[in-house]
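Given next are the chains, with one letter for each unit.
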Amino acid sequence: GRGKAGGIKLAQDPDEAETYAREILEMSIKGLPVRKVLVDEAANIESEIYLGVVLDRNARRATMMASSEGGVEIEEVAQNKPEAIRKVTVDPFLGLRSYQTLQLAKEIGLGKEQYRSFGRTAQGLYKAFTAYDASLAEINPLVVTAEGRLLAVDGKMVLDDNALFRHPDLAKMRDVDAEAPAEREAREAELSYVKLDGTIGCMVNGAGLAMATMDIIKYFGASPANFLDIGGGAQADKVATALRLILEDESVAAVLFNIFGGITRCDEVAAGILEAFAEVRPTVPLVARLVGTNEEEGRKMLDESAYNLMTAKTLVDAARRVVAAAE
């Protein structure tokens, strides 16, 4: 993506490098302002390879992938030329074996003189993948230079957030500039929030229930504006933060609260909603479906409020109402 946007330049001398760096630092790529420029030695590239390790949920193991179609987005290769991607599944008890790296090297057309170097690179990538609890580790491209050497010129790792407590040094490296402000605030409040393109704001407790809520909104002809899971046992202050994040999105035309009161009490959620109303004055219609512990008390609190808020007992009824209200 950087290269296609003009964010990678080849400079012949330090003055040209400075000129290019100034130009790149004035760019925005995929909506993000460029804040840093990496200056690296140019490689005399003969050909480009993709090499990656990914968590294969179907196999319940790590899978190493290699392709002679390096330097482009691997998703495009998988879609348009799947036969160009070669894979081996790694037994977690045995680790990546040398015969597997040799198999990959042969299948992507490397010369015999590169087999050993490719094997060392593949082993190092797999060790990094497991040592840092990654869900993806890739080198793209891994280049063959004109001199016949293998050189890793770009790489990426995706870490499993659930394992960051084991890697505090990596957690400190989080680039908050690359995050949407709302998503950063949600993470700091321990909320699961993802901005989407629709018009119906959603506040739900439980990831599965949130997915079902988004599905039924789509079923009745609208689209969700966000995924937001406030989690079990959410207190009023967390509910207030969640609602403020939803209402600050200008594309939201209506809001649906879908709360199952198991660990979370419905009256506690209702109190949080009303607390948020005092902070962020809602101007869009609101529909609440509260079911479970203290649901009658929670619905009563909302029904008696002075806001444009409707309550519903079923998810179908709530979805119908919120879609109609948004229209």
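Up top you'll find the structure we're talking about.
Residues numbered from 1 in each chain as written. Predicted model: local features only at pLDDT ≥ 70, side-chain atom pairs only at ≥ 80, totals over all residues. Heavy atoms only, no water.

Colleague: It is not clear to me how the pattern of salt bridges should be interpreted in this structure. Could you clarify?
Modeller: Close approach of charged atoms allows side chains of opposite charge to pair. Counted under the stated rule, the structure contains 12 salt bridges. The salt bridge involving Arg 2 is made with Asp 154; its shortest N-O contact spans 2.7 Å. Placement of the pair is Arg 2 in the segment before helix H1 (14–25) and Asp 154 in the loop between strand S7 (150–152) and strand S8 (155–159), with a sequence separation of 152 residues. Under the relative-accessibility criterion, Arg 2 is labelled partly exposed at 46%. Owing to a relative accessible area of 31%, Asp 154 belongs among the partly exposed residues under this scheme. For Glu 18, the salt bridge is made with Arg 22, and the minimal N-O distance between the two is 2.9 Å. Of this pair, Glu 18 and Arg 22 both sit in helix H1, 4 residues apart, which is roughly one turn of the helix. According to the relative accessible area criterion, Glu 18 is partly exposed, its value standing at 42%. The structure contains a network of salt bridges with shared partners spanning Arg 265, Asp 267 and Glu 268. (Salt bridge = Lys/Arg side-chain N within 4 Å of Asp/Glu carboxyl O. Helix = DSSP H or I, 4+ residues; strand = E, 2+ residues; numbered from the N terminus. Buried < 20%, exposed > 50% of the residue type's maximum accessible area, 1.4 Å probe, protein only.)

Colleague: Is there a simple way to think about the pairing of strand S13 (residues 286–292) in this case?
Modeller: Successive residues of a regular strand alternate their side chains across the two faces of the sheet. With 6 of its 7 residues buried, S13 lies for the most part within the structure. Both strand S12 (residues 254–261) and S13 contribute to a ladder of 7 bridges, which runs parallel. If you follow Phe 257 over to S13, its bridge partner there is Ala 288. After leaving S12, the chain enters helix H9 (residues 266–279) and then returns to the sheet as S13, a path that is right-handed. Both S13 and strand S14 (residues 309–312) contribute to a ladder of 4 bridges, which runs parallel. Bridged to Ala 288 within S14 is Thr 311. As for the winding sense of the linkage, the β-α-β connection from S13 through helix H10 (residues 295–303) to S14 is right-handed. (Pairing = 2+ DSSP bridges. Right-handed = clockwise from strand over helix to strand, strands pointing away.)

Colleague: Which parts of the structure should I look at to understand the nonpolar core?
Modeller: Side chains of nonpolar character tend, in soluble globular proteins, to be buried together. Core analysis: the biggest nonpolar cluster contains 31 residues, and Met 203, Ile 230, Leu 243, Val 255, Phe 257 and Ile 273 have the highest contact counts within it. Within the residue set of this core, elements represented by two or more residues are helix H8 (236–247), S12, H9 and S13. For this core, the element with the most residues is H8, which contributes 7 residues. Excluding its chain neighbours within four sequence positions, the residues that come into contact with Ile 273 are Met 203, Val 239, Leu 243, Phe 257, Leu 302 and Leu 309. (Core = buried A, V, L, I, M, F, W, Y, C linked by side-chain atoms within 4.5 Å. Contact = heavy atoms within 4.5 Å.)

Colleague: Help me understand the packing of H9 against H10, please; the structure alone is not making it clear to me.
Modeller: Two measures define how a pair of helices packs: the angle their axes make with one another and the distance between the axes. Where H9 contacts H10, the axes come no closer than 7 Å and their chain directions differ by 20 degrees. By the angle between their directions, the pair H9 and H10 is classed as roughly parallel. The hand of the H9/H10 crossing is right-handed. Here H9 contributes Cys 266, Asp 267, Ala 270, Ala 271, Ile 273 and Leu 274 to the contact with H10, which in turn contributes Glu 295, Glu 297, Gly 298, Met 301 and Leu 302. (Axes fitted to C-alpha atoms, helices over the stretch in contact; angles between N-to-C directions. Parallel < 35°, antiparallel > 145°, perpendicular 65-115°, else oblique. Left-handed = near helix turned anticlockwise from the far one by under 90°.)

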